[in-house]
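Each chain, letter by letter, is given below.
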Amino acid sequence: MQGRTALALAHLHRIDPQANMARFYCIDVAATLFGDVSVLRTWGRIGTHGRTSFETCTTVEDAEISATLTLREKMRRGYLPAGQMLPPDLAV
């Protein structure tokens with residue numbers, strides 16, 4: 001990964017107090033010990049450790065494409081970057 005060991009692509013939140021929904025989704029790209037690159041996806045309810053899945057790719061470009069596709073899908077489903085979410089008491 002040419003000097004990079006990990007690249008945090010996104011930390012997303014989807015919060016809907018009326019539906020009792022408070023979810024997070026994290027996407028990271030990291031080098032493995034074997035020279036490959038992994039896309040790490042972690043998701044779950046905010047305040048928990050959540051679940052994690054790994055996808056191993058042979059190149060950084062393949063990993064970044066896979067991560068970008070996941071990011072687009074999650075944003076289509078209503079997830080937003082964590083810094084853009086309003087606190088639940090201010091959400092309209």
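Scroll up for the structure.
Computed from a predicted model, the values in this text were never measured in an experiment. The numbering scheme is per chain: residues are counted from 1 as the chain's sequence reads. Side-chain atom pairs in this predicted model are given and counted only at pLDDT of 80 or more, local residue features only at pLDDT of at least 70, and totals for whole chains, interfaces and linings cover all residues. Hydrogens and waters are ignored; side-chain quantities use all the structure's heavy atoms.

### Structural notes on the side chain of Thr-70
Piece 1. A run of H or I in DSSP becomes a helix once it reaches four residues, and a run of E becomes a strand once it reaches two; helices and strands are each numbered from the N terminus. Looking at where Thr-70 falls in the secondary structure, it is placed in helix α1 (residues 60-76).
Piece 2. The contact rule is simple, with two residues in contact once any of their heavy atoms fall within 4.5 Å. For Thr-70, the contacting residues outside a window of four places in its chain are Tyr-25, Ile-27 and Arg-41.

### Observations concerning the environment of Thr-68
Piece 1. Mapped onto the elements, Thr-68 comes out in helix α1.
Piece 2. Along the primary structure Thr-68 and Ile-27 are separated by 41 residues, whereas in three dimensions their C-alpha atoms are 9.0 Å apart.

### Quick look at the pairing of strand β3 (residues 37-45)
Remember that side chains alternate between the two faces of the sheet whenever the strand is regular.
Piece 1. The criterion for strand pairing is that DSSP finds at least two bridges linking the strands in question. Note that strand β2 (residues 21-31) and β3 share 9 bridges and pair antiparallel. Counted as the bridge partner of Ile-27 is Arg-41 from β3.
Piece 2. Taking the residues between adjacent antiparallel strands as the criterion, β2 and β3 are bridged by 5 residues, where Gly-35 takes a positive phi near 90°.
Piece 3. With 7 bridges joining them, β3 and strand β4 (residues 51-57) adopt antiparallel strand pairing.

### Observations concerning the environment of His-13
Piece 1. If you trace the backbone, His-13 turns up in strand β1 (residues 6-16).
Piece 2. Taking the relative accessible area as the measure of exposure, His-13 reaches 15% and is therefore buried.
Piece 3. Two N or O atoms form a polar contact when they lie within 3.5 Å of each other; inside protein one atom must be a possible hydrogen donor and the other a possible acceptor, and for residues adjacent in sequence the pair counts only when both atoms belong to side chains. Among the polar contacts made by the side chain of His-13, one reaches the side chain of His-11 at a distance of 3.2 Å. Throughout this description, buried means an accessible area under 20% of the type-specific maximum (1.4 Å probe, protein chains only), exposed means over 50%, and partly exposed covers the range between.

### Some details on the nonpolar core
Piece 1. To qualify as a nonpolar core, a set must consist of buried Ala, Val, Leu, Ile, Met, Phe, Trp, Tyr and Cys residues joined through side-chain atoms within 4.5 Å. Of all hydrophobic cores here, the largest spans 12 residues; its members are Ala-10, Leu-12, Tyr-25, Ile-27, Val-29, Val-37, Val-39, Cys-57, Val-60, Ala-63, Ala-67 and Tyr-79.
Piece 2. Listed by contribution, the elements that provide at least two residues to this core are β1, β2, β3 and α1.

### Some points on the pattern of salt bridges
Piece 1. A side-chain nitrogen of Lys or Arg and a carboxyl oxygen of Asp or Glu constitute a salt bridge if their distance falls within 4 Å. Inspection of every chain in the model, using the stated rule, returns 2 salt bridges.
Piece 2. Residue Glu-55 pairs with Arg-41 through a salt bridge whose shortest N-O separation is 3.0 Å. Of this pair, Glu-55 sits in strand β4 while Arg-41 sits in strand β3, and the two are 14 residues apart along the sequence.
Piece 3. Relative accessible area serves as the criterion here: at 28%, Glu-55 is assigned to the partly exposed category.
Piece 4. Owing to a relative accessible area of 10%, Arg-41 belongs among the buried residues under this scheme.

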